[in-house]
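Descriptive analysis of the structure
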Amino acid sequence: MPSLNELVRRHTTLTGADVEWLHLLVSEWQLLSDLSFADLVLWIPTWDGIRYVSVAQMRPNTGPTSYQDDMVGHLVPRGRRPLLDAAFDEGRIVREGDPEWREEVPVRVESIPVRREGRVLGVIARNTNLLTVRTPSRLELTYLQSASDLAQMIAAGTFPYAGEQVDMDAAPRVGDGLIRLDADGIVTYASPNALSAYHRLGLTTDLVGGHLGRTTAELAPPSRGAVHEALVKLASGWAPRQSEVEAQGGVVTLRAIPLKPKGVHTGSLVLARDVTELRRRERELMTKDATIREIHHRVKNNLQTVAALLRLQSRRMDSEAGRAALDEAVRRVGSIAIVHETLSQTLDEQVAFDEIADRVLAMVMELSQDGQVTTRRSGSFGILSAEVATPLAMVLTELLQNALEHAFGDKATGSVFVTALRGRAPVNGKGWSDSWTGGSKPEEYLLITVQDDGSGMPEGFDPQQGGNLGLQIVRTLATGELGGTFDMVAAPDGGTKVVLEIPVR
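As a convention, each chain's residues are numbered from 1 in the sequence order in which they are written. Only residues with pLDDT of 70 or above have their local features reported here, since the model is predicted, and side-chain atom pairs are shown and tallied only from 80 upward, although totals for entire chains, interfaces and linings are computed over all residues. Values reported for side chains reflect all heavy atoms of the structure, with hydrogen atoms and water molecules removed beforehand.

Focus on the pairing of strand 18 (residues 496-503)
Here strand 16 (residues 444-452) pairs with strand 18 via seven bridges, running antiparallel. Bridge assignment links Ile448 to a residue of strand 18, and that residue is Leu500. Strand pairing is defined by DSSP finding a minimum of two bridges between the two strands. Counting from the N terminus, the helices are the DSSP runs of H or I reaching at least four residues and the strands are the DSSP runs of E reaching at least two. Inspection of the sheet shows strand 17 (residues 485-490) paired to strand 18 by six bridges, in the antiparallel sense. Residue pairing in the sheet places Asp487 in a bridge with Val499 of strand 18.

See below:
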């Protein structure tokens, strides 16, 4: 289905500011659809003025739809729908005419001009399914009157409110709870859901007949004067605003919509949604996140303490072999501590591994023998889960340490290069790709190489079987815990090249 921007660009001459106004309207018109119990279709005249194109559509949550099919992208010539022509040409809401019959369903059609800065940009066709029409209740009458006021404001170009910043995903809807206020902020109607929301805040009486702003302020805990006044103003409906009220363990989101159908403030709509359980779950998650971060922080501290103890023990060792073994243990513990320190600073169990890799490089160089061996990293590891990051940090530590110890020997200078490439697995030997188009989506892999320009591997050395404890750890973690592959080959220009291929789930 084409987007609003695509249809406007292809068929009309509307400006960028006009399109932004239409987007603002479309973001708000679920409210009009639900209050009207009607489908809405936005029609814009084409650039040549002889047709209309439908650029957006909305179905109601409060009633049956009038359109079984999507209307977006349809073109109709002028003259086929006289109500559209009259609303666009005369700039007024048109309700004349008998109901239309669509698939044996009677539909009442109305047309609402969409005005911006004195110009009519298009027309909203409001289509009401009359099949289930019955004697309206007080709630339905309030809905319809509110919808009529909003329609008049759209036709006058005063709705939606351009300066209002509303999170539509979190904003309350009509069905969540609706309160109608008069011009003085007195409640003239409150839906059952709205009344239940206020009872959650501690209200023991009815809302109707009371001043909503003062009632809300009395329910809320004592606060500073400016906050108190803002709450009274919000609940009184004098400004388009959204906020939350918390009292008696309940949390209610309020959204005020001033109604000015003829340019004069005649009342307001206040939508109310009980979000108590939602906020409770969010706070539980925040508490759990904080607990997890604190655990990672304490694990990091404990590992650093262990590394410090091992370092102290190493300094008191007379045996060179024993001192070297303890130093290796310090590096292994340190690599795990780096991962936990990074995890303690994030909100989830995901880490940017580039930072960890750089810190591991610096740690290995700092704890290794003095010399002129340099390290360099290229490419990006990307975001990895903690289950991958921890063993991968140990693998990288062991490979770097192995290169420094065995690749250069007595040679004082050299280089170690670490590269990372994240992409899709090789397909039919065609190599790696960092993009994917069409077909079944292949699994993503991380290709890591650690290459040195040292003396190379001894003759007859089998990297899959031989080697010291460090290589055994690399093989075990790479093929077992990480589920990847490990290989060590002679580099083309001398030295050794280690290749790791790890699936990233």
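Regarding the packing of helix 1 (residues 4-11) against helix 2 (residues 16-28)
To obtain an axis, a line is fitted to C-alpha atoms, over the contacting stretch when the element is a helix, and the angle between two such axes runs from 0 to 180 degrees between their N-to-C directions. With their axes 11 Å apart at the nearest point, helix 1 and helix 2 run at an angle of 145 degrees to one another. Two packed elements cross with a definite hand, and for helix 1 against helix 2 that hand is right-handed. Side by side, helix 1 and helix 2 meet where Leu4, Asn5 and Val8 of the first sit next to Val19, His23 and Val26 of the second. Taken together, the residues that form the contact of helix 1 with helix 2 break down as four nonpolar, two polar and no charged. Each crossing gets its handedness from the near helix: less than a right angle anticlockwise from the far helix is left-handed, clockwise is right-handed. Any two residues having at least one pair of non-hydrogen atoms within 4.5 Å are treated as being in contact. Only Asp, Glu, Lys and Arg are considered charged, only Ala, Val, Leu, Ile, Met, Phe, Trp, Tyr, Cys and Pro nonpolar, and every remaining residue, Gly among them, polar.

Things to note about helix 7 (residues 212-219)
Only protein chains enter the accessibility calculation, which uses a 1.4 Å probe. A residue is then buried if its area is under 20% of the maximum for its type, exposed if over 50%, and partly exposed in between. Along helix 7, six of the eight residues are buried, which leaves the element largely enclosed by surrounding structure. Those residues of helix 7 that fall on the buried side of the exposure criterion are Leu212, Gly213, Thr215, Thr216, Ala217 and Leu219.

Things to note about the packing of aromatic side chains
Any two of the Phe, Tyr and Trp rings considered here, Trp counted by its six-membered ring, make a pair once their centres fall within 6.5 Å; the pair's planes then place it as stacked at under 30 degrees, edge-to-face at over 60, or tilted in between. Under the definition given, this model contains four aromatic pairs. Where Phe37 meets Tyr143, the ring centres are 5.6 Å apart and the plane angle is 25 degrees; that geometry is what we call stacked. Linking Phe37 in the loop between helix 3 (30-36) and strand 1 (39-45) with Tyr143 in helix 5 (residues 138-156), this pair joins segments that are 106 residues apart in sequence. The class of Tyr143 is buried, set by a relative accessible area of 6%. Relative to Tyr161, the ring of Phe159 lies with its centre 5.8 Å away and its plane at 90 degrees, an arrangement referred to as edge-to-face. In this pair, the class of Phe159 matches that of Tyr161, namely buried.

Digging into unusual backbone geometry
Residues apart from glycine generally show negative phi values, whereas peptide bonds are mostly found in trans. In this model, Phe159 is joined to Pro160 through a cis peptide bond whose omega is 5 degrees. Tracing the sequence through the fold places Pro160 in the loop between helix 5 and strand 7 (178-182). With a phi close to 50 degrees, Glu117 is a non-glycine residue in the positive phi region. Its place among the elements puts Glu117 in the loop between strand 5 (105-116) and strand 6 (119-129). The phi angle at Gln248 is positive, at roughly 55 degrees, despite the residue not being glycine. Structurally, Gln248 can be placed in the loop between strand 9 (241-247) and strand 10 (250-259). According to the relative accessible area criterion, Gln248 is exposed, its value standing at 69%.

Re the pattern of salt bridges
Criterion for a salt bridge: a side-chain nitrogen of Lys or Arg within 4 Å of a carboxyl oxygen of Asp or Glu. One pass over the full model with this rule turns up 25 salt bridges. For the salt bridge of Arg119 with Asp18, the shortest nitrogen-to-oxygen distance reads 3.1 Å. Pair noted here: Arg119 is in strand 6 and Asp18 is in helix 2, with a separation of 101 residues, a long-range link. The partner of Glu320 in a salt bridge is Arg323, with the nearest N and O atoms 2.8 Å apart.

Focus: helix 13 (residues 469-481)
When the terminal C-alpha atoms of helix 13 are compared, their 17 Å separation across 13 residues agrees well with the 18 Å that a helix rising 1.5 Å per residue should span. Restricting attention to buried positions, one finds in helix 13 the residues Gly470, Leu471, Ile473, Val474, Arg475, Leu477 and Ala478. One fewer than the residue count of a helix, multiplied by 1.5 Å, yields its expected span.

Considering the confidence of the model for the protein
pLDDT is a per-residue confidence score from the predictor, ranging from 0 to 100. Here the protein averages 84 in pLDDT, and 90% of its residues register 70 or above. Averaged pLDDT values for the elements of the protein fall to 69 in helix 8 (residues 225-236) and rise to 97 in strand 1.

Observations regarding empty space enclosed by the protein
The rule is simple: put a 1 Å grid over the protein atoms alone, call a set of points where a 1.4 Å probe fits but cannot get out a cavity, call an open set with protein on both sides within 12 Å along at least five of seven lines a pocket, and count a residue as lining if it has an atom within 4 Å of a point. Grid points are joined across faces, edges and corners, and a volume is the space filled by probe spheres set on the points. One pass over the structure, following the stated rule, counts two cavities of 30 Å³ or more. For the largest cavity, the calculated volume is near 50 Å³. What lines the largest cavity is Glu328, Arg332, Glu398, Gln401, Asn402, Glu405, His406, Asn468 and Gly470. Counting residues per element, the lining of the largest cavity draws most heavily on helix 12 (residues 386-407), at five residues. Of the residues belonging to the lining of the largest cavity, the class tally is no nonpolar, five polar and four charged. Forming the walls of the second largest cavity are Glu328, Arg331, Arg332, Thr397, Glu398 and Gln401. Among the secondary structure elements, those contributing two or more residues to the lining of the second largest cavity are helix 10 (320-343) and helix 12. The residue inventory of the lining of the second largest cavity, partitioned by class, reads no nonpolar, two polar and four charged.

Thoughts on the sheet that holds strand 8 (residues 187-190)
Sheet architecture is open: five strands sit in the order 8-7-11-10-9, paired in antiparallel fashion. Both edges of this open sheet fall to strand 8 and strand 9, since each of them pairs with a single strand only. Here the strands of the sheet are splayed against their neighbours by 20 degrees on average, with no regard to which way each runs. Across three bridges, strand 7 lies against strand 8 in antiparallel orientation. When the bridges of strand 8 are listed, Ile179 appears paired with Ala190.

Things to note about the sheet that holds strand 2 (residues 51-58)
Reading across from one edge, 3-2-1-6-5-4 is the order of the six strands in this open sheet, with antiparallel pairing throughout. Whereas interior strands pair on both sides, the edge strands pair on one side only; in this sheet they are strand 3 (75-77) and strand 4 (100-102). Geometrically, the sheet is characterised by an average inter-axis angle of 40 degrees between neighbouring strands, direction not taken into account. Note that strand 1 and strand 6 share five bridges and pair antiparallel. Note on strand 6: the bridge partner recorded for Val41 is Ala125. In the packing of helix 4 (residues 82-90) onto the sheet, contacts are made with strand 1, strand 2, strand 5 and strand 6, and the angle to strand 6 comes to roughly 145 degrees. Here helix 5 sits on the sheet and contacts strand 5 and strand 6; the angle it forms with strand 5, its principal contact strand, is near 40 degrees.

So, the side chain of Thr46
Topologically, Thr46 is positioned in the loop between strand 1 and strand 2. Judged by relative accessible area, which is 5%, Thr46 ranks as buried. N or O atoms within 3.5 Å of each other form a polar contact, as long as, within protein, one can give a hydrogen and the other can take it, and as long as residues adjacent in sequence are counted only when both atoms are side-chain atoms. Of the polar contacts made by the side chain of Thr46, one reaches the side chain of Asp48; its length is 2.5 Å. Once residues within four sequence positions are removed from consideration, Thr46 is found in contact with His11, Arg51, Tyr52, Val53 and Leu75.

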